[in-house]
Amino acid sequence: MKIITTKMAVAATLLLCALLPCRLFAQTDIDALMMPKNAFCVGPVYSYSSWTNYWEGTMKRDNENLGRVSTQMAAIMGNYGISRRLNALFSAPWVKTKASAGTLHGLDGIQDLSLFLKWQPFQAKLGPGKFSVFGIGGVSFPLSNYTPDFLPLSIGLHSKTASARVMVDYRLYNGLFATASYTYVFRDNIEIDRESYYTTQMHNTHEVAMPNAANYNFRAGFRNYRWIAEAVVNRWVTLGGFDITRNNMPFPSNRMEATTVGANFKYVLPPMPQLSFVGGGNTTVAGRNMGQATTVYGSVFYVLDFSRKSAAANPSSTKTN
């Protein structure tokens, strides 16, 4: 029920760094900013998410045997500018879960490594602003042998994934912007530690077929080289699966849907423009087989400009950011 919330926290967490007046921004795989060539932004991220109510299928309820279910995530995230139009991004989170009531103990451990390539093939002036198109491809895979078959306290679903995203952005010259994207996620089958299980029928195997998924994201607000403030609406849906049965535990291949609304903020420190502070949060307003989670996060990022080091080593070289 809450693993998708953790994934969305990862995606929303790394909201942008900046460096120097030339506007060296770092970003997530789901926003419309690019790092310049040879710039590397990296930093730690912490998020906290919790819920007491959840959707069992489409029915909203609570569960006194769980109480409040919470997830803490600490991650290292980064982005490197391969070129002005091509960036490489990564994230690797550690996750800890906990239930405040009942006998189920939470789990903790390193979750999945996510790797992305972000490409900006098109940008052009359009009226009072600029219109940009992006293509993003990514993969993820487990970094530890955690169990996915202990929802809602599993730290992940242990499925290898591949994703493809198309994104469009329009930014006015006064800093107002709007960004929309669609992502399709391919999910590999997983294995669980039992030889049979029941979904809508009996399966005499330890392999679970995971439904693929789709994500819709819309964000709008203000951004310049010093500040970013944006409102975000995010919709996650699995393309298949089945509902949690009455008073039963969730299962990795359940149909999972979540709509969240939230806000993200970034501030670049004037005395040290390599350093930026990022924070924000979101809450789930609609769902299916999901916890009604509220998430807050914060992070600090630092940008390293390797092109400057190259120029210092070779005075005749020319910086091309």
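Let us look at the structure shown here. (Residues numbered from 1 in each chain as written. Predicted model: local features only at pLDDT ≥ 70, side-chain atom pairs only at ≥ 80, totals over all residues. Heavy atoms only, no water.)

Moving on, we come to the pairing of strand β5 (residues 86-99). Of the two faces of β5, only one is covered, namely that formed by Asn87, Leu89, Ser91, Pro93, Val95, Thr97 and Ala99; the face formed by Leu86, Ala88, Phe90, Ala92, Trp94, Lys96 and Lys98 stays uncovered. With 14 bridges connecting them, strand β4 (residues 69-83) and β5 associate as antiparallel partners. Among the inter-strand pairings, Ser70 is bridged to a residue of β5, identified as Lys98. Between β4 and β5, which pair antiparallel one after the other, the connecting turn spans 2 residues. Of the pairings in the sheet, the one linking β5 to strand β7 (residues 112-126) comprises 6 bridges and is antiparallel in character. Bridge pairing links Ala88 to Leu117 in β7. Pairing analysis gives 3 bridges linking β5 to strand β6 (residues 108-110), with the strands arranged antiparallel. (Buried < 20%, exposed > 50% of the residue type's maximum accessible area, 1.4 Å probe, protein only. Helix = DSSP H or I, 4+ residues; strand = E, 2+ residues; numbered from the N terminus. Pairing = 2+ DSSP bridges.)

Glancing now at unusual backbone geometry. The omega torsion of the bond from Leu151 to Pro152 falls at 10°, within 30 degrees of zero and hence cis. Structurally, the position occupied by Pro152 is in the loop between β8 (129-142) and β9 (161-172). A positive phi is found at Asn38, a non-glycine position, where the angle reads about 70°. Position of Asn38 relative to the elements: it lies in the loop between α1 (3-13) and β1 (39-51).

The next point concerns the nonpolar core. Core analysis: the largest hydrophobic core is formed by 14 residues, its most contacted members being Met35, Cys41, Val45, Met73, Met77, Phe301 and Val303. Of all the secondary structure elements, the ones that give two or more residues to this core are β1, β4 and β19 (294-305). Tyr197, Val208, Phe242 and Met290 belong to the second-largest nonpolar core, a separate cluster that totals 12 residues. (Core = buried A, V, L, I, M, F, W, Y, C linked by side-chain atoms within 4.5 Å.)

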